[in-house]
Amino acid sequence: MPSAASRSNLQLRNLPSVDELLCSSTGIDISSNAGPGHATALVRVVISKLRTEIVDQVRTDRSKTELLTLAENRLRAAWHSAQLTGVRRVINATGVIIHTNLGRAPLSENARRAIADEAAGYCTLEYDIETGKRGKRGRRAEDLLAELTEAESVLIVNNCAAAAFFVLTVFAAGGEAIISRGEMVEIGGDFRVPDVLSQSGAVLREVGTTNRTKLVDYENAINENSRLILRVHPSNYRIIGFTATPTVESLAELAHRRGLILYEDLGSGALTDLSGVGLRDEPVVSDSIVAGADLLTFSGDKLLGGPQAGIIAGKAEFVERLRKHPLYRVLRVDKLAYTALEATLDAYRRGSAATEIPVHRMLSLSKNEIAERAGRFVENLDGNLLCELIDGESAIGGGSAPAVRLETMLIGLRHRKMSVSRVEKVLRTAETPIIARIADDRVMLDLRTVSETEEIELLEILTHAFGQSPA
Ligand SMILES: *Cc1c(COP(=O)(O)O)cnc(C)c1O
C-alpha cells in the first residue's frame, strides 16, 4: 500500500503541464479568443489549483487523460467567467427603476442614437462649426440645463459626488460649512456627506438636532470662519413626525445678509414636477434656484433620466469661478456624456420627457397597465413553470424618494422540479442576463422595468430555458 505522499506524487506525474494544456484543443481555442498571454495566465491558475487538490488528496486515482479533460473543462469555465465580468446588457426585471448596480437610468432612444451616430467617432466636442475655431466644451447641454433650471449658469462634471466635492473645495476649504444635523447623511452608492466635507478641507459646523433645525440655529453658528450654508436633500430616507427645517428662501436670505453662499445638494434632480406620478416631496430644481440658492448640484442619471453626470447650476459669478478652477480639468466629462445629456434634455424642452425618458415612463405605469401586460405574459408561458400574479411594489431606487409606494403586479415563478435559486441562476446566466429577485419562495419578475421589446425577449429566454408544457 503506497503512502499518502507517494500516492500524491504518482498523481502529480499525471497532471498536465502548462504547455500541454495550452496545446490541447481547448487551450488553442481559448488562446485564439483571449490572446496567448491571458490564456497562459488562466492555464497557470487551473494547473496550480489542480496541483493543490492533488497534494491535499482531493484528487486521487485519475489517469493522465482524465486529468487533462478535467483541466480543459476548468479552463473553459475560467474563460467563461472571465467573460461575464465585462459590462453587458441585461434585462432588469427587479422593478427597481434607478438601479445603481444595473447602470441607473436607461437612456432614451434618442440618447442612444446620438451616442452611436454623433459622438462615437470624431465630433464637435470643442469645435465651433460656424467660425471653424475652437468651441466651448459642453455648451449645448449647459445652455439647455440653464434654460430648464432657470439658473444663470451651469457646469457639468463627472457625477454629483464630484460636483459636491468641487463646490465645497472651492468655496469652503479652510473655512466652515454650516449644515443641519438631520442632513449629515449617507446616500446610496457610498456618498457620505461628512466624508466629502472633510476631503474638501472644509470644517463641518453641525447645527440643530436630527429631527428639527431652525433658522436661528444656523444664524447662531455663523462666525468669521463661516463660508457657506450647505443644505442636503436627504434623498434616501425620511424623518417623519415632529420635524422642522427652514425654507430655501429663508436660508438664502440669511446667507446673503451675512455674506455667505447657500449651496444645496439636491441629489436626485427632478427637472419637472413629478407629483403627478406620486413623487410629492421631490424638490424641483428650478424652485430652489428661484428661491435664491446660489449653487446647487444634482445627478444626471437619477430622476433626470440621462447619463452619469454631476450638474452644478446657479449664479454665474460662482459657476464661472468653478469653470476657471484647475480642478475642473480633473472632473470634466467626455463626449458621450454631453451627447446623451443633450438628447435627454431636448426631450424636456419639447415637453415630451414623460413619454420619451424611460425613467419617467416607468414611473408613470399604473398597476393596471402592468397587470394587463403580466396577465398576457403568463398566458404565453406554460412549460415547466408555475406562474402566478402577485400584488407587490416596485421601487424608485438610486436613493430617491424611499417613501413613495409604486404598486405593481409581480409575476411569481416556480419550477416543477428546479429550486427557486436554481431558476434565478438560470435567468441570471442566460445569453442576455435577466436580473430578478427572490421572495416568498418564488422568482419575482416586475415588468415595470422591462420594456415591451425586452418583454418579447424575456418570454423567448424563459421558453428556451424551461421548455414547453409537459402536457
Ligand atoms: C445620489 C446623491 C449623491 C451622489 O450622486 P452621484 O451622481 O452618484 O455621485 C449626492 N448627493 C445626494 C443628495 C444624492 O442623492
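What comes next is a walk through the structure. Source: prediction; values computed, not measured. (Residues numbered from 1 in each chain as written. Predicted model: local features only at pLDDT ≥ 70, side-chain atom pairs only at ≥ 80, totals over all residues. Heavy atoms only, no water.)

## Examining helix H19 (residues 420-428)
Here comes step 1: Those residues of H19 lying buried are Val420, Val423, Glu424, Val426 and Leu427. Viewed along the axis of H19, the buried residues span an arc of 160 degrees, placing them on a single side of the element.
Here comes step 2: Elements in contact with the buried residues of H19: strand S15 (406-415), strand S16 (434-435), strand S17 (437-439), strand S18 (442-446) and helix H20 (452-466). (Buried < 20%, exposed > 50% of the residue type's maximum accessible area, 1.4 Å probe, protein only. Helix = DSSP H or I, 4+ residues; strand = E, 2+ residues; numbered from the N terminus. Arc of directions from axis to C-beta. Contact = heavy atoms within 4.5 Å.)

## A word on the pattern of salt bridges
Here comes step 1: Scanning the entire structure with this criterion turns up 29 salt bridges.
Here comes step 2: For Arg134, the salt bridge identified is with Glu126, shortest N-O distance 3.0 Å.
Here comes step 3: Between Arg414 and Glu388 there is a salt bridge; the shortest N-O distance is 3.4 Å. Pair noted here: Arg414 is in strand S15 and Glu388 is in strand S14 (residues 385-397), with a separation of 26 residues, a long-range link.
Here comes step 4: Residue class for Glu388 comes out partly exposed when judged on its relative accessible area of 29%.
Here comes step 5: Three or more residues are tied together by salt bridges with common partners; here these are Glu126, Arg134, Arg137 and Arg332. (Salt bridge = Lys/Arg side-chain N within 4 Å of Asp/Glu carboxyl O.)

## A few points about the nonpolar core
Here comes step 1: In terms of nonpolar packing, the biggest core is built from 88 residues, with Ile156 and Phe166 touching the most fellow members.
Here comes step 2: In terms of residue count, helix H8 (residues 160-172) provides more of this core than any other element does, nine residues in total.
Here comes step 3: In this structure, this core is formed jointly by two domains, domain 2 (91-100 + 362-465) and domain 3 (108-352), each of which donates at least three residues.
Here comes step 4: Apart from the residues lying within four places of it in its own chain, the contact partners of Phe166 are Leu155, Val157, Ile312, Leu322, His325, Leu327, Tyr328 and Leu331.
Here comes step 5: In this structure, Ile91, Ile370, Ala374 and Ala430 belong to the second largest nonpolar core, which totals 26 residues. (Core = buried A, V, L, I, M, F, W, Y, C linked by side-chain atoms within 4.5 Å. Domains from an automatic or database assignment.)

## Points about empty space enclosed by the protein
In this approach a probe as big as a water molecule rolls over the atoms, and the regions it shows empty are the leftover space.
Here comes step 1: Going through the model one piece at a time under the given rule, you end up with one cavity of 30 Å³ or more.
Here comes step 2: Lining the largest cavity are Ala164, Leu168, Phe191, Val193, Val196, Leu230, Val232, Tyr263 and Asp265.
Here comes step 3: Taken together, the elements giving at least two residues each to the lining of the largest cavity come down to H8, helix H9 (193-200), strand S10 (226-232) and strand S11 (261-267).
Here comes step 4: Among the residues making up the lining of the largest cavity, the classes are represented as eight nonpolar, no polar and one charged. (1 Å grid on protein atoms, 1.4 Å probe; cavity = no way out; pocket = protein on both sides within 12 Å on 5 of 7 lines; lining within 4 Å. Points joined across faces, edges and corners; volume = space filled by probe spheres on them. Nonpolar A, V, L, I, M, F, W, Y, C, P; charged D, E, K, R; others polar.)

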